[in-house]
Amino acid sequence: MCGILGIASRTDEVFAEIYDGLLMLQHRGQDASGIVTYTGENFRERKANGLVKDVFKAEDAETLRGKIGMGHVRYPTAGSLSAAEAQPFFVNAPYGIYLVHNGNITNTEEQREKVTAKYSRHLRTTSDSEILLNVLADKVADAIKVNGNADPIRNLFAGVKMTMERIQGAYSVICLIAGVGMLAFRDPHGIRPLSVAKRDADGDGDDYAFASEDVAFGINGFTKLRDLKPGEAMLVDLDGNLHEFQAVEGNLTPCIFEYVYLARPDSLLDGISVYKTQMRMGQTLAKQIEDSGLDIDRIIPVPDSARPVALEVAKATGIPYREGLVKNRYVGRTFIMPGQAERQKSVRRKLNAIPLEFDGHNVLLIDDSIVRGNTIKKIVQMCREAGAKKVYIASASPPVIYPNVYGIDMPTKHELVANGKEIEEIREELGADALFYQNLDDLIWAAQEGNPEIKQFDCSCFDGNYITGLGDSYLETLESSSRVSQKIEDMPGTGSSWNAAKLASG
Ligand SMILES: O=P(O)(O)OC[C@H]1O[C@H](OP(=O)(O)OP(=O)(O)O)[C@H](O)[C@@H]1O
Ligand SMILES: NC(=O)CC[C@H](N)C(=O)O
Ligand SMILES: [Mg+2]
């Protein structure tokens, strides 16, 4: 996942608003940050590896002055971690187009071939997002050939439609287009979130914003209008008018992992509250715990993301809830930290046990998910060292057994602790005395309760059903070659003590 945000305003100070909004989306990507603004005549851009607070300085408010702008926080799922692959990306024809992308394209190789061979375009990076931008540019150019250049908005919408017909995978996208305005579109399955918001521009019409999660709106005084529909495009022109276009027929199938872990609990995605979904996940999990008849003294969440689930399990079972693990707030999210060696070490840096809550007790640890197993395995050890009698664990989501190809870095089966194993084998591997997993049907129920109009979710990492379809050899190729994490470990200067600053030069 990545976070994307675009603001089309009337003031000249959009940079500060994008900066604040990106901070609200920082949990979606911590490897690189970028902002581009448009004055009406020129683009101004800054991007580098690192967190928003480290990449941008106060002086940027002056150099990135503009009325319209957008930003990106990156968590790579394709290509490499080189600073050159930080977003936004730019092409200069047929219009000057900047693009930011959340998601992952699955027919990249075929499209790379077409873009480079047939259309003679030169790609500077291995990023799937750069391919997406070049396909869009080609398709807009095709539309100009047919329609002429009198109506750029018509050509852009036609280009989006043709792009959607060619590109497979997950893509929520925002573009800045020279002389035209801001364009946003969401893939025909709406796998990644994207919503639109409005703000009264003090009697001067309306300002609009697009963002991955609606938490990025309130801080800038915007009110959410709605989620973009799957297969829909919207464009805000330079006079502040909003144009809507259903590019292709859509079938909403949002990624269920957004509700498990990726999105903030205070976000509402496709009408579903992330927080309430997590509470419902706790209610269903509680039934399994009760049915087990185990003697449990305490329920302890793995902070932060498992707290809403654990609170509900405690409430429903009547078992006391305790904060037995203290999180060091100065260490970032570990699951999305690239490189297995770095991930393993940072769990220990990040969490510490309070012996009082473990000594002589039977504890049930609850986490939102178990992916590679790094986090929970280390915590089980810590609990034992802190004197726990029995350590039971529960995952608020089902076993992750398939790679995610739609924008989450779970790229290879063999990295997933649950892949190819029975529950009993996983329990043993994790060193726990009992192991519970949420049932997939219960997870789907928990999300769907929030918006019964959504008939299907993308649950591919749990059930292997890839809603966009995948080329025959796609997963095998992924398994053997394109592991972002591995590439990062292999990069010079990264070693075991990976440090974003070391990579800033790309
Ligand atoms: O099985 P693993 O591969 O270890 O991944 C699963 C863990 O990763 C995430 O936490 P993370 O520490 O990234 O972030 P959080 O502090 O926001 O929960 C998630 O909440 C699980 O705890
Ligand atoms: N997580 C994402 O959305 C990643 C976007 C894009 N695939 C990249 O790797 O940069
Ligand atoms: Mg966690």
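All of these numbers come straight from a predicted model, not from anything done at the bench. (Residues numbered from 1 in each chain as written. Chains lettered and ligands numbered in written order. Predicted model: local features only at pLDDT ≥ 70, side-chain atom pairs only at ≥ 80, totals over all residues.)

This paragraph deals with the UniProt feature "active site" (unreviewed entry) in the chain. The positions that UniProt labels "active site" (unreviewed entry) are, in the present scheme, Cys2. By the secondary structure assignment, Cys2 is in the segment before strand E1 (3-8). Apart from residues lying up to four places away in sequence, Cys2 is in contact with Arg28, Gly29, His72, Val73, Arg74, Tyr75 and Asn102. (UniProt positions renumbered as here; feature names shortened; annotations may be inferred. Helix = DSSP H or I, 4+ residues; strand = E, 2+ residues; numbered from the N terminus. Contact = placed C-beta atoms within 7 Å.)

The next subject is the site of ligand 2. As a matter of local geometry, ligand 2 sits amid 16 residues, with Cys2, Pro76, Thr77, Asn102 and Gly407 nearest to it. For the shell around ligand 2, the secondary structure elements donating two or more residues are strand E6 (97-105) and helix H5 (128-147). Here the shell around ligand 2 gets four residues from one element, more than from any other, and that element is E6. Across the shell around ligand 2, the residue classes tally to five nonpolar, nine polar and two charged. (Near = placed C-beta within 6 Å. Nonpolar A, V, L, I, M, F, W, Y, C, P; charged D, E, K, R; others polar.)

Both strand E9 (residues 195-200) and strand E11 (residues 223-227) contribute to a ladder of four bridges, which runs antiparallel. Looking across to E11, one finds that Val196 is bridged to Arg226. Alignment of E9 against strand E10 (residues 206-211), held across six bridges, turns out to be antiparallel. Directly across from Lys198, in E10, lies its bridge partner Tyr208. (Pairing = 2+ DSSP bridges.)

As a further point, take the sheet that holds strand E8 (residues 181-186). Strands sit in the order E5-E6-E7-E8-E12-E13 across an open sheet of six strands; the sheet is antiparallel. With partners counted over all chains shown, the strands left at the sheet margins are strand E5 (89-91) and strand E13 (242-246), one partner each. Here the average twist between neighbouring strands, direction ignored, is 20°. As judged from the five bridges shared by E8 and strand E12 (residues 232-237), these two strands associate in the antiparallel manner. Residue Leu183 lies in a different strand from E12, and its bridge partner there is Leu235. (Axes fitted to C-alpha atoms, helices over the stretch in contact; angles between N-to-C directions.)

Further remarks concern helix H1 (residues 14-24). Spacing of three or four residues puts side chains on the same side of an α-helix, whose turn is 3.6 residues. Here H1 lies mainly inside the structure; eight of its eleven residues are buried. Within the sequence span of H1, burial applies to Val14, Phe15, Glu17, Ile18, Tyr19, Gly21, Leu22 and Met24. (Buried ≥ 20, exposed ≤ 12 C-beta atoms within 10 Å, placed from the backbone.)

At a minimum axis separation of 10 Å, helix H4 (residues 108-118) and H5 run at an interaxial angle of 50°. Of the possible angle classes, the one that applies to H4 and H5 is oblique. Read as a crossing pair, H4 and H5 show a hand that is left-handed. For the pair H4 and H5, contact is made by Thr108, Gln111, Arg112 and Val115 and by Asp128, Ile131, Asn134, Val135 and Asp138, respectively. Split into classes, the residues belonging to the contact of H4 with H5 amount to three nonpolar, three polar and three charged. (Parallel < 35°, antiparallel > 145°, perpendicular 65-115°, else oblique. Left-handed = near helix turned anticlockwise from the far one by under 90°.)

This next bit is on the sheet that holds strand E16 (residues 298-301). Spatial ordering of the open sheet is given by E16-E19-E20-E21, a layout of four strands whose pairing is parallel. What marks the edges here is a single partner per strand, and that holds for E16 and strand E21 (434-437). In this sheet, neighbouring strand axes are inclined to one another by 20° on average, regardless of whether the strands run parallel or antiparallel. As defined by bridge partners, strand E19 (residues 362-367) adjoins strand E20 (residues 390-395) across six bridges and the pair is classed as parallel. For Asp367, the partnering residue across the bridge sits in E20 and is Ser395. Against the sheet, helix H13 (residues 423-430) contacts E20 and E21, and its axis sits at roughly 120° relative to E21.

Attention now moves to the UniProt feature "domain: Glutamine amidotransferase type-2" (unreviewed entry) in the chain. The sites that carry the UniProt feature "domain: Glutamine amidotransferase type-2" (unreviewed entry) are, in the present numbering, residues 2-239. For residues 2-239, the helix share is 29%, the strand share is 32%, and the end-to-end C-alpha distance is 29 Å.

Bringing the domain arrangement of the chain into the picture now. In terms of domains, the chain is made up of domain 1 (3-253) and domain 2 (274-328 + 335-450). Every contact between the two is made by 13 residues of domain 1 and, on the other side, seven residues of domain 2. If you tally residues by element for the side of domain 1 that touches domain 2, the top one is E6, at three residues. Looking at side-chain class alone, the side of domain 1 that touches domain 2 contains four nonpolar, seven polar and two charged residues. (Domains from an automatic or database assignment.)

Turning our eyes to something else, we now look at helix H10 (residues 307-317). For H10, the full list of buried residues reads Pro308, Val309, Ala310, Glu312, Val313 and Ala314. Buried residues along H10 sit against helix H9 (274-292), E16 and E19. With its phi angle positive at about 80°, Gly318 sits one or two positions after the end of H10.

A few words now on the packing of H9 against H10. In contact at an axis separation of 7 Å, H9 and H10 are set at 45° when each is read in the N-to-C sense. Taken together, the axes of H9 and H10 lie oblique to each other. Regarding H9 and H10, the two cross each other, and that crossing is right-handed. Contact residues: Tyr275, Gln278, Met279, Met281, Gly282, Gln283, Leu285, Ala286, Ile289 and Glu290 in H9; Pro308, Val309, Ala310, Leu311, Glu312, Val313, Ala316 and Thr317 in H10.

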